[in-house]
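Letter by letter, the chains look like this.
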Amino acid sequence: MDAEITLHVDGTARHVTVDARTTLLDALRERLGVMAPKKGCDHGQCGSCTVLLNDRRVITCLVLAVAHDGARIVTAEGLAQDDHLHPVQQAFIDHDGFQCGYCTPGQICSAVGMLKEAEAGWPSAVSDLAAAEVRLSPAEIRERMSGNLCRCGAYAGIVAAIQQAAR
Amino acid sequence: MNPFEYQRAEDVATAVATVSGNENAAFLGGGTNLVDHLKLGVATPNLLVDVSGLPLDRVESLPDGGLRIGAAVRNSDAAADPRIRRDYPMLAEALLSGASAQVRNLATMGGNLLQRTRCVYFQDVTTPCNKRVPGSGCSALRGYHRYHAILGASEHCVAVHPSDLAVALVALDAVVQVSGPDGDRAVPVTDLYRLPGDAPERDTVLERGELITAIDLPVLPMAARSGYRKVRDRASYAFALVSVAAAVDLFDNGTIRDVRIAFGGVAHKPWRAYRAEDALRGRPTTAEAFDDAANAELRDARPLRDNVFKLRMARGALVAALQHLTGADR
C-alpha cells in the first residue's frame, strides 16, 4: 500500500509517497536524502536514529512514516540557526563528546529533547519523584541519555557537554 | 517485511469491528514492539489499525478518587503525571525503569501491556518456539534461558513477560477497561495475563478484536509509600532479570498492617506475590520477616539450568525493596 504524506523536516515541507512498510528513518534517509539520523541497530536499541518529532525526542527506526503524515521533524542538521551552532552542538565540540561521530546526531537530538524534558520537570528513574524541579547531576544525565549508545565510549565527554549546555 | 495496509482508526467501535472481523489485522499503538516484529517476521498482519491517535490520551480522576489512564497516553506522560508520582510512585518508577526516553515518548500504555516476550527464540523465526508457532517446541528449555521463568512455567514455554508497568499494575490491583465486538468489560490486571500451560501463544485472556481503552487505578492510600526495584545486566535501558513492585502500610507500632508485592522477570505473567503478602501481615519490619516472605513466595520456584541465580536475586530484591520502604535501610 502506497500513501502520500507530508513531513516538515528541518523547516521544509517535504511531500513523499511511501509504502506503508517504510519506517520514518528510511523515509528520511532513503527517500528524502536527510542523512543526519543514522541507522545503527534498526531495532530500537541504540538511539542513533533519534530526532525531535513534534518537539519530542523519539527513535525513528520503529515508527512507520505513514502514521506521521504532517509531523514536524527536527534532525541534528536542523538545529543550527544560520551560522550559529545550537548550544548543545557547540558543547559537544567543546568537550570532545564524540570520536567516530556516527552516534552523534542522535546523541545531540536526544540531549536537546532531554533538556526540554528536564525543564518541564519530568522525572527520570534516578530522580526524587516528589521534587518539582530537576537538577541535572551527572547521574541524571547518564540515566536520561541511556537510550543513546556510543561504541567509541565518548560518554565522559557527552556528560560534560550536556552539563555545559544545561547551564 | 510482508505488505500490509494501514488505517487510522476513526473511533474505538470502528477499530474493534475492523480488527475483530479480520484475523490478519492488528492494532498499532506506538509501534515500538510491533514494528520490530514486522521487521523480524514475528508478526505478519495484512492490516494495521492505528489506535494511537484515538482520544484515549488523558489521565482523569474517577468519581471514587481513583485514576483512569487512557490507553493512548504515552509512557513518558504517565510517568510525569503529578498524581501518579504522588499517589502511585511505584507506577511512575516502573515506567521510568522501562526502555529509554525516546521509546517512552512513543510507547502507549495499552501497547506496553500487550508487548510480547523478549525471549530470543520467540524473536528468531529460524528457531522452534511454541509461542510463535504452536507445537514447534521450546528452544529455551535447554537453550539460552538466563532471562526466563522460575515460577509458573510449563514444558511448552518458559518465557517471561517483559513489561515493568504491568508488574506495578498487578500490585496495585488495577483494572483495564476493554472494548470488544461483544461490548465492554473490565478485567483486573491480575486476571489479564495467562500462565503458558499448553497454549503459550496466548499471552492474555483478551479475545480477537478486544482493545484496551483505559487503565483504572483504585484508591490505595498505602501506594503513596511504594516503589519499584529492577535488577538487570546494566544500570539502565535493559529488561529486568528480576523486578519487585511493593507498597507497605504500617501500624503505629511499626508492624505491617498491609502490603502489596509483585515480581517481574520471574514468570509468563507479572507475578502477584500473595503468599509473601500473607506472610508479612502482622509481622515487624525485620530482615527475618522479609526473608520469610521471600521463602513463602519462592517455595515452589523451579529454576532452569542457567537461571538458578534468580532465586537469590528475587529474594534480595524483595528484601531490599521492603527495607527501603520501611526505612530499615537507613
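Conventions used here
- Each chain carries its own residue numbering, running from 1 in the direction its sequence is written.
- For naming, the first written chain is A and the first written ligand is 1, with later ones following in the order written.
- Local features in a predicted model are, by the rule used here, given only for residues with pLDDT of at least 70; side-chain atom pairs are given and counted only at 80 or more, and totals for whole chains, interfaces and linings are based on all residues.
- Only hydrogens and water are set aside; all other atoms, that is, all heavy atoms of the structure, feed into the side-chain values.
- For the purposes of this entry, the term helix denotes a DSSP run of H or I that reaches at least four residues, the term strand denotes a run of E that reaches at least two, and both are numbered from the N terminus.
- The globule rule used for comparison is 2.2 Å times the number of residues to the exponent 0.38, while the radius of gyration itself is calculated over C-alpha atoms.
- Summary of the burial criterion: residues with accessible area below 20% of their type's maximum are buried, those above 50% are exposed, and those between are partly exposed, where the area comes from a 1.4 Å probe applied to protein chains only.
- Contacts are assigned to residue pairs with any non-hydrogen atoms lying within 4.5 Å of each other.
- Within this analysis, patches are made of residues with over 30% relative accessible area and no salt bridge. Like charges are joined at 9 Å or less; nonpolar side chains (Val, Leu, Ile, Met, Phe, Trp, Tyr) at 5 Å or less.
- Only the protein chains shown count as cover for residues, with accessible areas throughout obtained via the Shrake-Rupley method and a probe of 1.4 Å.
- The rule for a salt bridge is simple: a side-chain nitrogen of Lys or Arg has to be within 4 Å of a carboxyl oxygen of Asp or Glu.
- How far each domain reaches was decided by an automatic or database domain assignment.
- The term buried area means the drop in 1.4 Å probe accessible area that two parts suffer when joined, counted for both and summed.
- Side-chain classes are defined by residue name, with Ala, Val, Leu, Ile, Met, Phe, Trp, Tyr, Cys and Pro counting as nonpolar, Asp, Glu, Lys and Arg as charged, and the others, Gly among them, as polar.
- Paired strands, in this sense, are two strands between which DSSP finds at least two bridges.
- To obtain an axis, a line is fitted to C-alpha atoms, over the contacting stretch when the element is a helix, and the angle between two such axes runs from 0 to 180 degrees between their N-to-C directions.

**Comments concerning the overall build of chain A**
The number of helices and strands found in chain A is five helices and five strands. Walking chain A from its N terminus toward its C terminus, one meets helices and strands in the order β-β-α-β-β-β-α-α-α-α. Over its C-alpha trace chain A gives a radius of gyration of 16 Å, about what one expects of a compact globule, namely 15 Å for 167 residues. Along the three orthogonal principal directions, the C-alpha set of chain A runs to about 45 × 35 × 30 Å. In chain A, which comprises 167 residues, the proportion classed as buried is 55%. For chain A, the proportion of contacts with a sequence separation of at least 24, taken over those separated by at least 6, is 54%.

**So, a nonpolar patch on the surface**
Residue and element names in this part refer to chain A. Taken together, the side chains of L85, I93 and F98 make up a nonpolar region of the molecular surface, amounting to roughly 250 Å² of accessible area. By the secondary structure assignment, I93 is in helix α2 (residues 87-94). We classify I93 as partly exposed; its relative accessible area is 45%.

**Notes on the side chain of B:T213**
Residues and elements named next belong to chain B. Of note, T213 is situated in strand β8 (residues 211-217). The buried category is assigned to T213, whose relative accessible area is 13%. Aside from chain neighbours lying at most four places away, what touches T213 is V12, L56, G70, A71, Q177, V178 and S179.

**Structural notes on the domain arrangement of chain A**
The accessible area lost on association of the parts is a frequent measure of interface size. Residue and element names in this part refer to chain A. Here chain A is partitioned into domain 1 (2-78) and domain 2 (87-166). Computed over C-alpha atoms, the centres of domain 1 and domain 2 are 22 Å apart. Residue-level contacts link 17 residues of domain 1 with 18 residues of domain 2. At the boundary of domain 1 with domain 2, total buried surface from both sides reaches about 1300 Å², with 53% on carbon and sulfur atoms. The largest per-residue losses of area from domain 1 upon contact with domain 2 belong to L52, R57 and A76, which jointly make up 43% of the total buried on that side. Inspection of the region where domain 1 meets domain 2 yields two salt bridges. One salt bridge connects E117 with R57, and the closest N-O pair in it is separated by 2.7 Å. At the level of secondary structure, the elements contributing two or more residues to the side of domain 1 that touches domain 2 comprise β3 (51-53) and β4 (56-58). For the side of domain 1 that touches domain 2, the class distribution of residues is six nonpolar, six polar and five charged.

**What about the sheet that holds strand β5 (residues 72-74) of chain A?**
All names here are of chain A. Ordered by their spatial adjacency, five strands build an open sheet running β2-β1-β5-β3-β4, and the pairing between neighbours is mixed. The open sheet has two free edges, formed respectively by β2 (12-19) and β4, since each of these has just one partner strand. For this sheet the average axis-to-axis angle between neighbouring strands, irrespective of direction, equals 40 degrees. Here strand β1 (residues 2-9) pairs with β5 via two bridges, running parallel. Within the sheet, the bridge partner assigned to H8 lies in β5 and is R72.

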